[in-house]
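Observations on the three-dimensional arrangement
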Amino acid sequence: MLIDSHCHLNYPGLVEDQQGALARARQAGVSGMLAISTRESEWEEVVAIAAREADVWASVGIHPHEADQHPDVDTAKLIAATADPKVVGIGETGLDFFYDKSDRDRQRASFRAHIAAARETGLPLIVHTREAEEDTASILREEMRKGPFTGVIHCFTASRSFADQALELGLHISLSGIVTFKNARDLQETAKAVPDDRLLVETDAPFLAPVPVRGKSCEPAYVAHTARFVAELRGVRVDDLARTTSANFFDLFTKARRG
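Report on the accompanying structure.

Examining the overall build of the protein
The secondary structure content of the protein amounts to 10 helices and 8 strands. In terms of overall size, the protein behaves like a compact globule, its C-alpha atoms giving a radius of gyration of 17 Å where 259 residues would be expected to give roughly 18 Å. Dimensions along the principal axes, computed over C-alpha positions, put the protein at roughly 45 × 40 × 35 Å. Of all 259 residues assigned to the protein, the portion counted as buried reaches 58%. Long-range contacts, defined as pairs at least 24 residues apart, comprise 73% of the intrachain contacts of the protein with a sequence gap of at least 6. Split by element, the accessible area of the protein, about 10,800 Å² in all, is 49% carbon and sulfur. The protein carries 30 positive and 39 negative side-chain charges, and their two centres are separated by 4 Å.

Below, the structure written as structure tokens:
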């Protein structure tokens, strides 16, 4: 059974047929989904989905694109929002210097607030990074020296060097449908090298549908295509990869396991 470790069930492209998407995911062998929030106004939505669906969990966080709009979302507010039993992670958070939709210093401050919340709650950090490898790695190293925390680099598309740094810090790496794209040769080489016990798979639905459904609105069922591709890439049976990545999810998101 597979876990989709990162999806946006409340976004256009999924929310219109949310129950259908959930049913198709279950039929495809997806036994769990983590519904990710990107702004404070979504927290109640994703928690409500998780409360209703036994195989869905939720995160609370502010995407770097939204950092400017959420100056009041500090560590204390994030921690308070994790009281719900179905909230199992902090994020997504991080740095995005590709679109620069929020001031970079504001992104950095928000990222550090999320890390502090992850450290204090013991919940894993869900990290988004784009065109910001050096700053992301630097902040993660600095914050790890203040006290340990766990986490995952979601939708990994960065360099092998950044992967090695993240792994050295004890973080997990999650692969999305991007790894199946023909032009993703460097990422595919990195995907082969991630240790078995640090690997997760995700859709980031409704975005980034994998081959052979590229171009469609993505949904959690499609994590099966990504898992099949990654298993072939790594020379293992897809059932074994599914078991490994699912076990890794529950080892990282321990609150989900307890639930």
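A closer look at the pattern of salt bridges
Here the structure, examined in full by the defined rule, presents 23 salt bridges. The shortest N-O distance in the salt bridge between Asp105 and Arg108 comes to 2.7 Å. Separated by 3 residues within a single helix, Asp105 and Arg108 lie in helix α4 (residues 104-121), roughly one turn from each other. Several salt bridges share partner residues, and in doing so they unite Arg112, Arg119, Glu142, Glu143 and Lys146 into one network.

Considering helix α2 (residues 40-52)
Regarding α2, the residues found buried are Glu42, Trp43, Val46, Val47, Ile49 and Ala50. Down the axis of α2, the buried set is contained in an arc of 155 degrees. They therefore lie on one face. Exposed residues lying more than 90 degrees from the buried face of α2 are Ser41, Glu44 and Ala51.

Examining the sheet that holds strand β2 (residues 30-35)
In space, the 8 strands of this open sheet follow the order β1-β2-β3-β4-β5-β6-β7-β8, with parallel pairing throughout. The sheet is open, and its two edges are formed by β1 (2-7) and β8 (199-201), each paired on a single side. Strand-to-strand twist across the sheet, computed as the mean angle between neighbouring axes with direction ignored, equals 30 degrees. Where strand β6 (residues 151-153) meets strand β7 (residues 172-175), 2 bridges bridge the pair, whose relative direction is parallel. When the sheet's bridge partners are listed, Val152 is paired in β7 with His172. Running at roughly 150 degrees to strand β5 (residues 125-130), helix α5 (residues 133-146) makes contact with β4 (87-96), β5 and β6 of the sheet. Most of the contacts of helix α8 (residues 223-234) go to β1, to which it runs at about 115 degrees, and overall it touches β1, β2, β7 and β8.

A look at the side chain of Asp96
Mapped onto the secondary structure, Asp96 falls in strand β4. Nearest to the buried, unbridged Asp96 among oppositely charged side chains is Arg130, at 5.3 Å. Looking at Asp96, its side chain comes within polar contact range of the main-chain nitrogen of Phe98, at 3.1 Å. Of the polar contacts made by the side chain of Asp96, one reaches the side chain of His128; its length is 2.7 Å. Residue contacts for Asp96: discarding those within four places in its chain leaves Pro64, His65, Gln107, His128 and Arg130.

Thoughts on the environment of Thr75
Mapping Thr75 onto the fold places it in helix α3 (residues 75-81). As a C-alpha pair, Thr75 and Ala118 span 43 residues in sequence and 8.9 Å in three-dimensional space. Not counting the four nearest positions on each side in its chain, Thr75 is found in contact with Ala113, Ala116 and Ala117. Polar side-chain contacts of Thr75 include one of 2.9 Å to the backbone oxygen of Ala113.

Definitions and cut-offs
- Residues numbered from 1 in each chain as written.
- Predicted model: local features only at pLDDT ≥ 70, side-chain atom pairs only at ≥ 80, totals over all residues.
- Heavy atoms only, no water.
- Helix = DSSP H or I, 4+ residues; strand = E, 2+ residues; numbered from the N terminus.
- Rg over C-alpha atoms; globule rule 2.2 N^0.38 Å.
- Buried < 20%, exposed > 50% of the residue type's maximum accessible area, 1.4 Å probe, protein only.
- Contact = heavy atoms within 4.5 Å.
- Areas by Shrake-Rupley, 256 points an atom, 1.4 Å probe, with all protein chains shown as cover.
- Lys, Arg positive; Asp, Glu negative; His and termini not counted.
- Charge placed at Lys NZ, Arg CZ, Asp CG, Glu CD.
- Salt bridge = Lys/Arg side-chain N within 4 Å of Asp/Glu carboxyl O.
- Arc of directions from axis to C-beta.
- Pairing = 2+ DSSP bridges.
- Axes fitted to C-alpha atoms, helices over the stretch in contact; angles between N-to-C directions.
- Polar contact = N/O pair within 3.5 Å; in protein donor to acceptor, adjacent residues only side chain to side chain.

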